[in-house]
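Coordinate analysis (summary)
Spelled out from the first residue to the last, the chains are:
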Amino acid sequence: MTGRFLTLLCGVVLAAALSVLAPGAGAQSIPGLTSSAGSTGSDTASPSETLADALRQAAEAGVSVVVVDGGGSVIGATAPPAPATPTAEISGLMQTYHTVETFVDELEERLAALPVSVNEVLYILRATSPNGEVLTYAKVLVYVLILLGLGRLAMVEIFGKRMMKGFVTSRIVEKPRGYSQKVPFLLMRFLVGLGGTLFVLILVSVIGLLAFGNPDDLSVEITVAAVFLAFFLTRTVGDLWRMILSPYLSQYRLPKFTDREARKLYLWLWGITAWGIWSSYFATWIKEIGLNFNVYAMMSLVIAIVAMLANVAMVLFNRRAISRAIRGGRAPEDVSWAVRMMSLAWAPVLIGFFLFGWLQHSYDLVMERPERIPLIAGAYLVFLTMIVVYAVMNYALERYFDRLRRREDANRDMAEAEASETGGAALLPRHRPMTYEELFRQVAGILALAAGSYALVLIWLPDNQLINETLIGNFLDVAIVLFAGYITYNLFRIWIDRMIAQEAPDPAEETELGDEGGANGASRLATLLPLFRGAILAVVVVTIALIALLELGVNVGPLFAGAGVVGIAIGFGAQTLVRDIFSGAFFLIDDAFRKGEYIDLGNVKGTVEKISVRSFQLRHHLGALQTVPFGEIQVLTNYSRDWVIMKLPLRVTYDTDVEKVRKLIKKLGQQLLDDPVIGENFIQPLKSQGVIEMQDSAMIIRVKFMTKPGDQWLVRKKVYEEIRALFAREGIKFAHREVTVRLAEGQGEELTPKQRDAAVGAVQAAIDEDMLDDEGGSLVDDR
């Protein structure tokens with residue numbers, strides 16, 4: 001009773017899981033009640049017994065009319081009308097129940113027939129053995145394994161140490177860079193391992209032929225071939241795992257594992273692979289030798305259970321290492337949410353996949369359905385293929401982008417070297433944009449994952465039933481459209497970012513914080529590209545979204561009509577916004593200013609830092625950041641175009657020789673042209689304009705020079721220093737501000753304190769007025 005219960009429980013789990021996960025995998029139509037003429041009695045039964053049996057069965061089946069010939073034989077029957085509910089509309093619960101019953105009955109029959117099947121196996125083995133003994137196959141297996149062991153020792157000593165060791169070790173690099181240097185070595189080592197395996201098989205074949213001769217028995221040949229194939233596949237798959245994990249050469253390891261983690265995972269995977277290959281070939285050998293299918297099915301069930309438990313154990317014992325490798329060795333908070341979720345979800349998903357694969361394989365074996373690749377074995381094959389293809393694609397990408405990468409590395413090394421020599425930090429970008437190589441790496445990974453998933457679906461459902469479903473097929477089409485849109489979006493974004501980076505000014509030439517501004521700004525292309533980037537990327541996103549909706553069968557016509565209505569409403573309700581946008585468009589088309597230029601709007605001035613659709617931001621040279629809508633601009637003065645003239649007033653005493661000052665200033669201007677710091681900044685040299693104003697206490701002599709925009713402030717500092725030193729050497733005195741108050745004779749001592757304060761106030765007012773006159777318009781005064 002307990003055995004029946006356990007069998008029924010296992011059948012319920014198997015059939016229910018398959019009915020839910022793979023509808024139609026085990027569902028069969030429930031047979032109806034039928035009657036057949038002449039099939040109710042035995043050949044020796046009398047007509048009366050035959051008639052009685054026929055009547056009894058007709059009554060049980062609900063048959064209303066039975067036709068009997070003259071001899072008493074049943075020649076036909078009429079069943080009552082079929083019920084109104086068609087048999088095709090059987091509920092899923094009834095199908096699952098019938099599937100469970102069928103599976104349980106089949107499993108019980110196989111278990112009950114197992115002892116007889118074992119005896120049949122022994123009989124067939126004796127019949128197919130060359131000498132009629134079952135131990136002959138065991139002897140063949142032992143001899144072949146001994147020869148393979150000796151062949152492997154010979155391979156290590158001869159092929160490995162004497163022939164290939166120097167060839168392999170001479171190509172080991174201490175710090176290989178990327179896939180371009182790792183993949184060739186790993187592939188070469190895999191081919192060397194494959195050559196070693198072939199060396200063993202050829203050596204063992206030659207020794208076997210010399211020692212035992214050519215076996216004339218087909219069963220012995222099948223046995224030897226099965227052992228050879230199992231050995232070859234075990235070695236080859238082991239070399240593949242060794243190529244991927246590189247457990248003993250950490251510098252060539254592709255995933256981010258430590259040495260201990262890589263060796264541990266390598267042993268797990270090699271052991272599971274070896275068990276699966278050898279046990280599967282043993283079960284296949286039993287089937288190919290002509291033995292009972294029942295034995296093959298039960299043995300395959302045991303093998304599948306062990307393999308499933310081993311795979312689950314492998315996941316549980318290595319989950320932390322694999323999760324860290326998925327994150328690229330980084331902490332969970334340092335990766336994107338998608339990578340973090342993948343590193344957490346892979347273990348339970350894979351365990352569920354292993355359980356489902358075992359359930360489906362077990363069901364197929366018990367029900368003797370057509371054989372196909374087991375899901376677990378197929379998953380390993382697909383995974384190995386994905387890893388190898390992904391590595392090869394990355395190798396090709398690195399080789400293609402190798403020249404560009406080496407140039408970038410050289411530039412970075414030069415920047416770091418210059419920074420170390422000057423004691424500063426290298427001027428590296430804080431946020432490095434995505435490159436074409438990184439994009440294609442992501443595309444390669446997505447393509448490898450998609451191809452592997454598609455291959456698994458084909459292994460699960462060879463008739464492509466799932467993909468051919470309308471809804472799922474539409475979602476796949478949408479996924480393809482989104483993938484193409486992702487590539488297009490990033491291609492445009494990378495192209496625009498690279499153009500912006502090329503047009504950006506040299507960081508070494510940027511104006512220091514606190515300078516008055518006026519330096520040359522960015523190019524016109526660098527100013528407009530950020531605005532175009534947003535527009536282009538918006539168009540790409542909208543286009544991809546519309547195509548995706550069309551694939552899902554959504555009519556996008558009303559969306560355009562709705563967008564038009566919304567646009568009209570926005571136009572009426574946000575007139576100021578529309579004015580700002582159109583004003584900004586015309587300002588940019590007229591090239592009135594660019595990013596990085598110093599402009600004056602009358603009430604605000606500063607360097608243009610950021611330009612958006614409706615406004616821009618000005619950074620004052622004292623640090624204030626001001627946002628100005630385009631529609632508020634009335635007058636705009638740009639100090640960063642072409643050239644700048646700086647005029648400097650000099651106050652000298654009335655006894656100064658003006659001609660001497662002119663010659664000295666001219667000579668100084670020629671000397672400044674050869675200055676190593678500011679000489680190249682001059683467009684026109686320093687020269688004197690003569691006396692431009694006569695004040696009460698001084699003559700005003702003005703000098704001027706022309707420079708590139710933004711350089712005038714640095715040049716002005718140097719000019720003031722040189723003029724002061726020059727005047728000190730030549731005895732030319734600067735005039736100090738003074739105001740003379742003349743009083744009538746004899747009244748100076750008779751002033752009251754109130755009169756004295758009034759005189760001092762008048763003096764201060766005169767000084768302040770002179771200072772304002774001198775400060776006015778050194779940049780804009782054109783006199």
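None of the values given here were measured: they were computed from a predicted structure. (Residues numbered from 1 in each chain as written. Predicted model: local features only at pLDDT ≥ 70, side-chain atom pairs only at ≥ 80, totals over all residues. Heavy atoms only, no water.)

1. Focus: the overall build of the protein chain
What counts is decided by this rule: Runs of E in the DSSP output that reach at least two residues are strands. Runs of H or I that reach at least four are helices, and both are numbered from the N terminus. Partly exposed residues are those whose accessible area sits between 20% and 50% of the maximum for their type, while under 20% is buried and over 50% is exposed, using a 1.4 Å probe and protein chains only. Any pair of residues with heavy atoms lying within 4.5 Å of one another is described as a contacting pair.
Per the secondary structure count, the protein chain includes 21 helices and 10 strands. Taking all 783 residues of the protein chain together, the buried fraction comes to 34%. Of the contacts formed within the protein chain by residues at least 6 apart in sequence, a portion of 71% connects residues at least 24 apart.

2. With respect to the nonpolar core
Condition: We define a nonpolar core as any set of buried Ala, Val, Leu, Ile, Met, Phe, Trp, Tyr and Cys residues linked to one another through side-chain atoms lying within 4.5 Å.
Judged by nonpolar contacts, the single largest core of 50 residues is most densely connected at L148, W241, F257 and Y380. Sorting the residues of this core by element identifies α5 (135-169), α6 (178-212), α7 (218-245), α8 (259-288), α9 (293-326), α10 (337-366) and α11 (375-400) as the ones contributing at least two each. When residues of this core are assigned to their parent elements, the largest contribution, 11 residues, is made by α7. If you look at the next biggest cluster of nonpolar residues, it comprises 23 residues, including I701, F705, W713 and I732.

3. Notes on unusual backbone geometry
Located in the positive-phi region is S246, a residue other than glycine, with phi close to 45°. One can find S246 in the loop between α7 and α8.

4. Description of the packing of aromatic side chains
The test is simple: Pairs were defined over the aromatic rings of Phe, Tyr and Trp, the Trp ring being its six-membered one, requiring ring centres within 6.5 Å. Orientation was assigned from the angle between planes: stacked under 30 degrees, edge-to-face over 60, tilted for the rest.
Under the definition given, this model contains 10 aromatic pairs. Between Y179 and Y390 the ring centres are 6.4 Å apart and the planes differ by 85°, which places this aromatic pair in the edge-to-face class. Of the two residues, Y179 sits in helix α6 while Y390 sits in helix α11, which places them 211 residues apart along the sequence. Overall, Y390 belongs to the partly exposed group, its relative accessible area being 26%. Here F185 and Y252 contribute two aromatic rings whose centre-to-centre distance is 4.3 Å and whose plane-to-plane angle is 25°, an arrangement assigned as stacked. Of this pair, F185 sits in helix α6 while Y252 is found in the loop between α7 and α8, placing the two residues 67 residues apart along the sequence. Accessibility expressed as a relative area gives 4% for F185, which makes it buried. Members of the aromatic cluster, each reached through a chain of ring pairs, are Y137, F282 and W285.

5. Re the sheet that holds strand β3 (residues 598-600)
To keep it simple, the criterion reads: Should DSSP find at least two bridges between two strands, the strands are regarded as paired.
Read across the open sheet, the five strands follow the order β6-β5-β4-β3-β7; overall the sheet is antiparallel. Only two strands of the sheet have a single neighbouring strand rather than two, namely β6 (625-629) and β7 (637-638). The pairing of strand β4 (residues 605-611) with strand β5 (residues 615-619) spans four bridges and is antiparallel. Within β5, the position partnered with K610 by the bridge is Q617.

6. Points about the packing of α7 against α8
Rule in force here: Only the stretch in contact is used when fitting a helix axis, every axis being a line fitted to C-alpha atoms; angles between N-to-C directions are given from 0 to 180 degrees. The labels follow the angle: roughly parallel below 35 degrees, roughly antiparallel above 145, roughly perpendicular from 65 to 115, and oblique for the rest. Less than a right angle of anticlockwise turn of the near helix away from the far helix marks a crossing as left-handed, whereas a clockwise turn marks it as right-handed. Residues are sorted three ways: Asp, Glu, Lys and Arg are charged, Ala, Val, Leu, Ile, Met, Phe, Trp, Tyr, Cys and Pro are nonpolar, and all the rest, Gly among them, are polar.
For the pair α7 and α8, the least separation of the axes is 9 Å and the interaxial angle reads 160°. What the angle tells us is that α7 and α8 run roughly antiparallel. Pair α7 / α8 crosses with right-handed handedness. A breakdown of the residues in the contact of α7 with α8 according to their chemical character gives 20 nonpolar, five polar and two charged.

7. Things to note about the pattern of salt bridges
For the record, the criterion: Between Lys or Arg on one side and Asp or Glu on the other, a salt bridge is scored when a side-chain nitrogen of the former is within 4 Å of a carboxyl oxygen of the latter.
As enumerated under the stated definition, the model contains eight salt bridges in all. Linking R162 and E157 is a salt bridge whose minimum nitrogen-to-oxygen distance equals 3.7 Å. Residue class for E157 comes out partly exposed when judged on its relative accessible area of 35%. R324 is paired through a salt bridge with E261; the nearest N and O atoms lie 1.8 Å apart. A residue pair is termed long-range when its members are at least 10 positions apart, and R324 in helix α9 and E261 in helix α8 qualify at 63 residues.

8. Side note on the environment of G596
Relative to the helices and strands, G596 resides in the loop between α18 (575-589) and β3. On a C-alpha basis, the gap between G596 and R619 in space is 9.5 Å, while along the polypeptide they are 23 residues apart.

9. Comments concerning a nonpolar patch on the surface
Using the following cut-off: Patch rule: a residue counts if its relative accessible area is over 30% and it has no salt bridge; like charges are joined within 9 Å, and nonpolar side chains (Val, Leu, Ile, Met, Phe, Trp, Tyr) within 5 Å. Calculation of accessible area relied on Shrake-Rupley with a 1.4 Å probe; when residues are assessed, cover is drawn exclusively from the protein chains displayed.
On the surface, V142, Y143, I146, L150, L153 and F212 cluster together to form a nonpolar patch covering roughly 620 Å² of accessible area. Looking at the nonpolar patch, the element that brings in the most residues is α5, giving five residues. Among the secondary structure elements, L153 is positioned in helix α5. The exposed category is assigned to L153, whose relative accessible area is 55%.

10. What to know about the sheet that holds strand β9 (residues 682-694)
What the three strands build is an open sheet, ordered β8-β10-β9; its pairing is antiparallel. Of all the strands in the sheet, just β8 (644-652) and β9 have a single pairing partner and so form its edges. Put simply, the sheet's adjacent strands are angled 20° from each other on average, direction ignored. With seven bridges connecting them, β9 and strand β10 (residues 699-707) associate as antiparallel partners. The partner of E693 across the bridge, within β10, is I700.

11. With respect to the side chain of T197
Among the structural elements, T197 can be located in helix α6. When neighbours within four sequence positions are excluded, T197 is seen to be in contact with F231, F232, R235 and D239.

12. Structural notes on the environment of A379
Summarising the element assignment, A379 is placed in helix α11. With a relative accessible area of 16%, A379 lands in the buried category. In sequence terms A379 and G357 are 22 residues apart; their C-alpha atoms lie 9.5 Å from each other.

13. Let's talk about the confidence of the model for the protein chain
Spelled out, the test is: The score called pLDDT rates the predictor's confidence residue by residue, from a low of 0 to a high of 100.
Overall, the prediction assigns the protein chain a mean pLDDT of 74, with 71% of residues at 70 or greater. In the model, residues 74-88 has pLDDT below 50 throughout and makes 24 contacts with residues more than four positions away in sequence or in other chains.

14. Details of the pairing of β4
Direction of pairing for β3 relative to β4: antiparallel, over a ladder of three bridges. For D600, the partnering residue across the bridge sits in β4 and is K605. Between the end of β3 and the start of β4, which pair antiparallel, lie four residues, with G602 showing a positive phi angle near 100°.

15. Focus on the packing of α10 against α11
Across the interface, α10 lies against α11 with an axial gap of 8 Å and an inter-helix angle of 130°. Viewed along their axes, α10 and α11 adopt a mutual orientation that is oblique. Seen from α10, the contacting residues are F353, F354, F356, G357, W358 and Q360; seen from α11, they are L375, I376, A379 and Y380. Residues that form the contact of α10 with α11 fall into these classes: eight nonpolar, two polar and no charged.

16. Considering α7
Cut-off, in case you're wondering: Here the expected span of a helix is defined as 1.5 Å times the quantity of residues minus one.
An ideal rise of 1.5 Å per residue puts 40 Å on 28 residues; α7 measures up with 40 Å between its terminal C-alpha atoms. Once α7 finishes, S246 follows within two positions and takes phi at roughly 45°, a positive value.

17. Observations regarding the environment of I305
Inspection of the secondary structure puts I305 in helix α9. With 57 residues separating them in the primary sequence, I305 and S362 have C-alpha atoms 8.9 Å apart.

18. Re the side chain of N394
With respect to the helices and strands, N394 occurs in helix α11. Aside from chain neighbours lying at most four places away, what touches N394 is Y179 and R441.

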